[in-house]
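Chains, contacts and geometry: an overview
Chain by chain, the residues run as shown.
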Amino acid sequence: MAFYLNCNTHFFFKFSLLFSLLSFSFSQSDVVEAPSPAADSCNGIFLSYAYSSGTKLKPTDPTHQPYRFESVLTVLNNGDEELKSWKVSVEFQNDEFLVSASNAVLADGTSLPANVGNGTVFAGFPMSDLKTAIETAGDLTQMQVQVKLLGTQFGVEAPDVPLPKNIQLANDGFICPKASMQGKNEMQVCCRKDPKFKANVTIDEEFLPRQSGDLTIMYDVTRTYDSNYWAQVTISNHNPLGRLDNWKLSFDWMRDEFIYTMKGAYPYVVDSSDCIFGTQGQHYRDLDFANVLNCERRPTIIDLPPTKANDTTLGLIPNCCRNGTILPPSMDPSKSSSVFQMQVFKMPPDLNRSELSPPQNWKINGSLNPDYKCGPPVRVSPSQFPDPSGLPSNTTAVASWQVVCNITHPKGASPKCCVSFSSYYNDSVVPCRTCACGCPSNTARTCSTTAPAVLLPPEALLFPFENRTAMAQAWADLKHRTVPNPMPCGDNCGVSINWHVLTDYSRGWSARITIFNWDETAFPDWFAAVQMDEATRGFQKMYSFNGSALELNGVNNTIIMQGLPGLNYIVGETDGANPKKDPRVPGKQQTVVSFTKKNTPGINVAAGDGFPSKVFFNGEECALPSVLPTNNSNREGSTTILTIFLAVFVFIMLHQ
């Protein structure tokens, strides 16, 4: 009897242990589920999107009802080559709001939660590369990744299923047909290599090649220890017209890292409270968190002023400390990059020298600069730096990642600068468009956001918009024109540029350019550019700016300009001599540009060839007027315009 009980006890113990092990293994979140049977017939990259479940959410709204959805996106490499830095496009169509996504990040650098209703691209993290069955003996944990999605969709109620319009691989060199349905809840597609695609990387290379873009960010680990490492971040501008002023750089730490110290830049917020009250403080019990710079999950980094360039604690980093200004290489190659270093502390289970993970969801912006959209960091071959000792050798980084950012134009975004047109053959100025840089937020303001801008006398350009109303009405009465009621709203632009066709002769012509700064922020090292499809080949000279023709995308139609020494700084708007009665005075810069007609036969200046088709200021494209000055007015006004602009020119020269 005792033997029977002992046997049963022993058997029960073994069974319990086995059951516990099985329960533990099935509870793990990293278990890779078996692929769909349809994957067996795919000899490329197999993608599937399967809807799992959903429930109705509050509040109740018959016209825009929210529903929770849970889905799984599967990426399986059934090909014969490793898929590096996988990316998948999911064309959401139900105004989806994504709350979380496992094993992936959004490729455009947006942090979750995020609105993805117009579609999005997922990039792998932390598993960005998918190996083949050949090199892993069919190990799905290395061949496949499953992204579990949780979010909110609108309007699709059970039994209908909120599936995207399509899914496809976003990596170069693959062809994906339209995804097909597998039942009611799943869509699938098999993407195969494009035989016509010529890759610039061989399968034997360990890392992907560096990519080109308007702006690139290198994240180079230069020194590594068990609990922390030093990283050097290099921001390089490659766009001939792009620039950044007062740049702010932000990213997401994905594994509870925190910044201990920095050189060449500084956190926008110095705060260690998240570490003190978080898991970091529990692990690093002996670390003095009073010296920690930042513990935010998404820190924002800013550049240091030039006065810190030689600071032994914060500076002494080449290409640092420029107040956040990164110029285009066409303007000054020596100022087209910005560099800083930071010491990053890691958290378990990453406490070894080789466990390195770059931050994700990079974003960079500046003031009055283009918008940039950044992709995910991609592992590239280690960067090399000149030896700090001065020896003729290079020091290699431990590991390097590249982030590529490109200039984008968000839908509905307003410009930040505008252009007005005038000419010697018409005494009226065509001002900036109504609400060119956005309409006023104060709805009580009595102005029309739809009425076209009213023609102005040339002297009105010297006054802020709110001081032009009486001048515009008097000018309209003098010219027997009617004005709308209410009057149109202003352009609301911080910078306005007047392009004035000054002269037009048989062998050449000229224009005068005046830049007005209506903001209180000054613009050091400013530059502007104009695109002129018919006139650029005839460009001769600028007289108080440094101007040169620039070829963009193989087309020679752009003239770039910047102030000469002493004229490369545009001050902000200031008070008038008597603030109680005098209007505010804008910062101004002015020049004359001359053209020859020898290289542009048939050019018709008055018909429009003498006006730019695009104007840029500090890399930002400006809004243009919708009409050109007409050639049906008497030419007596040219004397008035010439007098006004000569007065501006004299004013500028006297105040340099």
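None of these values were measured; they are calculated from a predicted model. (Residues numbered from 1 in each chain as written. Predicted model: local features only at pLDDT ≥ 70, side-chain atom pairs only at ≥ 80, totals over all residues. Heavy atoms only, no water.)

1. Re the overall build of the protein chain
If you tally the helices and strands in the protein chain, you get eight helices and 38 strands. Evaluated residue by residue, the protein chain yields a buried proportion of 47% over its 656 residues. Sequence-distant contacts in the protein chain: of pairs separated by 6 or more residues, those separated by 24 or more amount to 70%. (Helix = DSSP H or I, 4+ residues; strand = E, 2+ residues; numbered from the N terminus. Buried < 20%, exposed > 50% of the residue type's maximum accessible area, 1.4 Å probe, protein only. Contact = heavy atoms within 4.5 Å.)

2. Overview of the nonpolar core
I497, W499, W526 and F617 are the most contacted members of the largest nonpolar core, which totals 36 residues. Contributing elements (two or more residues each) for this core: β26 (417–423), β28 (495–504), β29 (508–517), β31 (527–531), β32 (539–542), β34 (555–563), β36 (587–596) and β37 (614–617). Beyond its immediate sequence surroundings of up to four residues, I497 is in contact with C418, V419, S420, I513, T514, I515, V615, F617 and C622. I45, L106, L130 and L149 belong to the second largest nonpolar core, which has 32 residues in total. (Core = buried A, V, L, I, M, F, W, Y, C linked by side-chain atoms within 4.5 Å.)

3. Concerning the sheet that holds strand β15 (residues 248–252)
Read across the open sheet, the four strands follow the order β17-β18-β15-β20; overall the sheet is antiparallel. With partners counted over all chains shown, the strands left at the sheet margins are β17 (265–267) and β20 (360–365), one partner each. Along the sheet, successive strands turn relative to each other by an average axial angle of 25 degrees, direction set aside. Across three bridges, the pairing between β17 and strand β18 (residues 300–303) is antiparallel. By the bridge assignment, Y266 is partnered in β18 with I302. (Pairing = 2+ DSSP bridges. Axes fitted to C-alpha atoms, helices over the stretch in contact; angles between N-to-C directions.)

4. Remarks on the state of the cysteines
Inspection of the entire model under this criterion finds 10 disulfides. Two residues share a disulfide in this structure: C418 and C432, whose sulfurs sit 2.2 Å from each other. Given an S-S torsion of about 80 degrees, the disulfide between C418 and C432 has right-handed geometry. Taken as a pair, C418 in strand β26 and C432 in the loop between β27 (426–430) and α6 (469–478) lie far apart in primary sequence, 14 residues in all. (Disulfide = S-S within 2.5 Å.)

5. Observations concerning unusual backbone geometry
Of the consecutive residues K58 and P59, the connecting peptide bond is found in the cis state with omega at 0 degrees. Relative to the elements of secondary structure, P59 occurs in the loop between β1 (45–56) and β2 (66–77). In this structure, P486 follows N485 across a cis peptide bond, with omega equal to 5 degrees. Summarising the element assignment, P486 is placed in the loop between α6 and β28. One non-glycine residue, N319, adopts positive backbone phi at about 65 degrees. Looking at the secondary structure, you find N319 in the loop between β18 and β19 (337–345). By relative accessible area, which is 32% here, N319 ends up partly exposed.

6. Considering the packing of aromatic side chains
Counted according to the given criterion, the structure contains 20 aromatic pairs. Between the aromatic rings of F258 and F345, the centroid separation amounts to 5.5 Å while the plane-to-plane angle is 15 degrees, which identifies the pairing as stacked. In this pair, F258 sits in strand β16 (residues 258–263) while F345 sits in strand β19, placing the two residues 87 residues apart along the sequence. Summarising the burial analysis for this pair, F258 and F345 share the class buried. Judged by centre distance (6.3 Å) and plane angle (20 degrees), the ring pair of W526 and F617 falls under stacked. On the criterion of sequence distance, the pair formed by W526 in the loop between β30 (523–524) and β31 and F617 in strand β37 is long-range, its members being 91 residues apart. Both residues of the pair, W526 and F617, count as buried. Over the face of the ring belonging to Y268 we find K248, whose NZ or CZ atom lies 4.3 Å from the ring centre. (Phe/Tyr/Trp six-rings, centres within 6.5 Å; stacked < 30°, edge-to-face > 60°. Lys NZ or Arg CZ within 6 Å of the ring centre and 35° of its normal.)

7. Brief notes about the sheet that holds strand β7 (residues 120–124)
Sheet architecture is open: four strands sit in the order β5-β7-β3-β9, paired in antiparallel fashion. Taken across any chain shown, the strands that pair with only one partner, and hence form the sheet edges, are β5 (104–106) and β9 (167–169). Averaged over neighbouring strand pairs, the angle between their axes works out to 30 degrees when direction is ignored. Both strand β3 (residues 87–90) and β9 contribute to a ladder of three bridges, which runs antiparallel. Counterpart to S89 in the pairing with β9 is Q168.

8. So, the pattern of salt bridges
Counting across every chain of the model gives 16 salt bridges. Residue E70 pairs with R68 through a salt bridge whose shortest N-O separation is 2.9 Å. In this structure, D252 engages R298 in a salt bridge whose closest nitrogen and oxygen atoms are separated by 2.9 Å. Of this pair, D252 sits in strand β15 while R298 sits in the loop between α5 (279–283) and β18, placing them 46 residues apart in sequence. Salt bridges sharing partners connect three or more residues here, namely E520, E573, D575 and R584. (Salt bridge = Lys/Arg side-chain N within 4 Å of Asp/Glu carboxyl O.)

9. Some remarks on the environment of K541
Considering the arrangement of structural elements, one finds K541 in strand β32. With 52 residues separating them in the primary sequence, K541 and V593 have C-alpha atoms 5.7 Å apart. Other than its neighbours up to four places away in sequence, K541 contacts V592, V593 and S594.

10. Re α6
Considered for burial, the residues of α6 that qualify are M471, A472, W475 and A476. Considered in projection along α6, the buried side chains sweep an arc of 130 degrees and stay on one side of the axis. Exposed and facing more than 90 degrees away from the buried side of α6 are A470, D477 and L478. Tucked into the core, α6 has its buried residues touching β27. (Arc of directions from axis to C-beta.)

11. Details of the side chain of T152
One can find T152 in strand β8 (residues 144–154). Aside from chain neighbours lying at most four places away, what touches T152 is L57, P66, Y67, F69, D95, E96 and F97.

12. Structural notes on the pairing of β1
Successive residues of a regular strand alternate their side chains across the two faces of the sheet. Relative to strand β12 (residues 186–193), β1 is paired through six bridges, and the arrangement is antiparallel. Within β12, the residue paired with I45 across the bridge is C191. Looking at chain direction, β1 and β2 are connected through 11 bridges and run antiparallel. Note on β2: the bridge partner recorded for L47 is V75.

13. A word on the side chain of S71
Along the chain, S71 turns up in strand β2. Within the local environment of S71, its side chain forms a polar contact with the side chain of Y49, the two groups lying 3.1 Å apart. Residues contacting S71, with those up to four places away along its chain left out, are Y49, A50, Y51, S52, V147, K148 and L149. (Polar contact = N/O pair within 3.5 Å; in protein donor to acceptor, adjacent residues only side chain to side chain.)

14. Overview of the environment of L98
With respect to the helices and strands, L98 occurs in strand β4 (residues 97–101). Taking C-alpha positions, L98 is 8.8 Å from G117, a pair spaced 19 residues apart along the chain. With sequence-adjacent residues up to four places away left out, L98 is seen in contact with F69, L106, L112, P113, A114, V116, F122, L149, L150 and G151.

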